[in-house]
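Listed below, chain by chain, are the residues.
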Amino acid sequence: MDVVYFAWVRERIGVPREQVETQAKTVAGLIDELKAREDRYAFAFEDLSALRVAVDQELVDFDAPLNGVREVAFFPPMTGG
C-alpha cells in the first residue's frame, strides 16, 4: 500500500510517501510496524493525539481496518482560518 506523510510528519520521517508491505490489520497496527523500523518513525508517531489519518482519502480513526486499502495518509490536525 502507499503510505503518505504530510507537513511535520514528512519532515520527521524524511520522505513524502513510500510503498509499505504490512501484516497489520488496522491503522494502529501499521503505526506499530512503522515505529519498530527506525527512530525517525518512532519520533513521528510518538504522540498520536497530534495526528490524523485518512484511508483511501477518508478520515478514519486509528482502529480502522486496512483490508483492501490502497493508501494511508498521516498529517497533523487542520485548522481553519
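All figures in this text were calculated on a predicted structure; none of them were measured in a lab.

(A) Broad picture of the overall build of the protein chain. The secondary structure content of the protein chain amounts to 3 helices and 5 strands. Reading the helices (α) and strands (β) of the protein chain from amino to carboxyl end gives β-α-β-α-α-β-β-β. Radius of gyration (C-alpha) of the protein chain: 12 Å, near the 12 Å computed for a compact globule of 81 residues. Each principal axis of the C-alpha atoms in the protein chain carries an extent, and together these give about 35 × 25 × 20 Å. Every one of the 81 residues in the protein chain was classed for burial, and the buried ones make up 36%. When contacts within the protein chain are restricted to residue pairs at least 6 apart in sequence, long-range pairs at least 24 apart make up 53% of them. Accessible surface, the protein chain as shown: approximately 5,100 Å² in total, 48% of it carbon and sulfur. Each charge sign in the protein chain was given a centre, from 9 positive and 15 negative side chains, and these centres are 3 Å apart.

(B) Representation of the pairing of strand β5 (residues 71-75) within the structure. Counting buried residues in β5 gives 5 out of 5 residues, a clear majority hidden from the surface. With burial as the criterion, each face of β5 is covered, one bearing Glu 71, Ala 73 and Phe 75 and the other bearing Val 72 and Phe 74. Inspection of the sheet shows strand β1 (residues 2-5) paired to β5 by 4 bridges, in the parallel sense. For Asp 2, the partnering residue across the bridge sits in β5 and is Glu 71.

(C) A look at the pairing of strand β3 (residues 52-55). Bridge analysis of β3 against β5 gives 4 bridges, and the strand direction is antiparallel. Counterpart to Val 53 in the pairing with β5 is Phe 74. With 3 bridges joining them, β3 and strand β4 (residues 58-60) adopt antiparallel strand pairing. Within the sheet, the bridge partner assigned to Val 53 lies in β4 and is Val 60. A loop of 2 residues connects β3 with β4, the two strands running antiparallel in sequence, and Asp 56 in this loop sits at a positive phi of about 50 degrees.

Reading the values: the criteria
Per-chain numbering applies: the sequence of each chain, read as written, is numbered from 1 onward. Where totals are concerned, whole chains, interfaces and linings use all residues; where local detail is concerned, this predicted model gives features only for residues with pLDDT of at least 70, and gives and counts side-chain atom pairs only at 80 or more. Heavy atoms throughout the structure, all of them, feed into the side-chain values; hydrogens and water do not. Here a strand is any run of E in DSSP of at least two residues, a helix any run of H or I of at least four, and the numbering for each starts at the N terminus. When we talk radius of gyration, it's over C-alpha atoms, and the globule rule is simply 2.2 Å times the number of residues to the 0.38. Each residue gets one of three labels from its accessible area relative to the maximum for its type: buried under 20%, exposed over 50%, partly exposed in between, using a 1.4 Å probe on protein chains only. Contact criterion: two residues are considered in contact whenever any of their non-hydrogen atoms come within 4.5 Å of each other. Surface exposure here means Shrake-Rupley accessible area, sampled with a 1.4 Å probe, where a residue is shielded only by the protein chains that are shown. Asp and Glu count as negative and Lys and Arg as positive, but His and the ends of the chain are not part of the count. Note on charges: their place is set at NZ of Lys, CZ of Arg, CG of Asp or CD of Glu. Strand pairing is defined by DSSP finding a minimum of two bridges between the two strands.

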